[in-house]
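Summary of the model geometry
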Amino acid sequence: PFLEQSLLLHVVVTATGAPQVSGATVRQRFEVRGDPFGPAGIERFVGNATVEVRDGKIVSYINVPDTSDAQTARYLASPPPPQSPPPGQGTPSAPPRTGGGGEASFIRRLGDG
């Protein structure tokens, strides 16, 4: 449901800059644009992803919002939009509210709108 909802909300993730590779770890800065950010008055959300690969498989994947970016900080500080189902669908099931920030907050916020 999360990926389907992201498509319905026109969410686009773009890698920015060159990835940094150190052994089995890859770091990549990214930005996310889409409908969920409009109510907060921002154009995009910026974060940093760290991926660790072992034996050809991803063993760790961490996204951390860049809170030094003004738009990202404003988005994270904004209240979640009222929940409404996507056109033509019933009530969406939102991811669990973890009470934390970072990736969980970002994923939860996309799921809320």
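Described below are features of the structure shown in this document. (Residues numbered from 1 in each chain as written. Predicted model: local features only at pLDDT ≥ 70, side-chain atom pairs only at ≥ 80, totals over all residues. Heavy atoms only, no water.)

1. Some thoughts on the overall build of the protein chain
Looking only at helices and strands, the protein chain features three helices and four strands. Listing every helix and strand of the protein chain by position from the N terminus yields α-β-β-β-β-α-α. Across the 113 residues of the protein chain, 32% fall into the buried class. Considering only intrachain contacts with a sequence separation of at least 6, the fraction spanning at least 24 residues in the protein chain is 42%. Accessible surface for the protein chain amounts to roughly 6900 Å². Of this, 57% is attributable to carbon and sulfur atoms. (Helix = DSSP H or I, 4+ residues; strand = E, 2+ residues; numbered from the N terminus. Buried < 20%, exposed > 50% of the residue type's maximum accessible area, 1.4 Å probe, protein only. Contact = heavy atoms within 4.5 Å. Areas by Shrake-Rupley, 256 points an atom, 1.4 Å probe, with all protein chains shown as cover.)

2. A few points about a nonpolar patch on the surface
A cluster of nonpolar residues, Val53, Ile58 and Tyr61, forms a patch on the protein surface that exposes about 300 Å² of accessible area. Relative to the helices and strands, Tyr61 is located in strand β4 (residues 57–65). Accessibility expressed as a relative area gives 47% for Tyr61, which makes it partly exposed. (Patch = residues over 30% accessible without salt bridge, like charges linked within 9 Å, V, L, I, M, F, W, Y side chains within 5 Å. Salt bridge = Lys/Arg side-chain N within 4 Å of Asp/Glu carboxyl O.)

3. Things to note about unusual backbone geometry
Even without a glycine there, the phi angle at His10 is positive, about 60 degrees. Topologically, His10 is positioned in the loop between α1 (2–8) and β1 (12–22). Even without being glycine, Asp55 reaches a positive phi, approximately 55 degrees. Within the secondary structure layout, Asp55 lies in the loop between β3 (45–54) and β4.

4. Thoughts on the packing of aromatic side chains
Inspection of every chain in the model, using the stated rule, returns three aromatic pairs. The interplanar angle of 20 degrees and the centroid separation of 6.2 Å between the aromatic rings of Phe37 and Phe45 together place this pair among those described as stacked. You'll find Phe37 and Phe45 in the same group, each marked buried. A ring pair is formed by Phe45 and Tyr75, whose centres lie 5.7 Å apart and whose planes are at 85 degrees; its orientation type is edge-to-face. Taken together, the residues Phe45 in strand β3 and Tyr75 in helix α2 (residues 70–77) connect sequence positions 30 residues apart. With a relative accessible area of 1%, Phe45 lands in the buried category. One aromatic cluster in this structure is built from Phe37, Phe45 and Tyr75. (Phe/Tyr/Trp six-rings, centres within 6.5 Å; stacked < 30°, edge-to-face > 60°.)

5. Topic: the pattern of salt bridges
For the structure on display, the rule yields six salt bridges. Arg29 is paired through a salt bridge with Asp66; the nearest N and O atoms lie 2.7 Å apart. Taken together, the residues Arg29 in strand β2 (residues 25–33) and Asp66 in the loop between β4 and α2 connect sequence positions 37 residues apart. Given a relative accessible area of 12%, Asp66 falls into the buried group.

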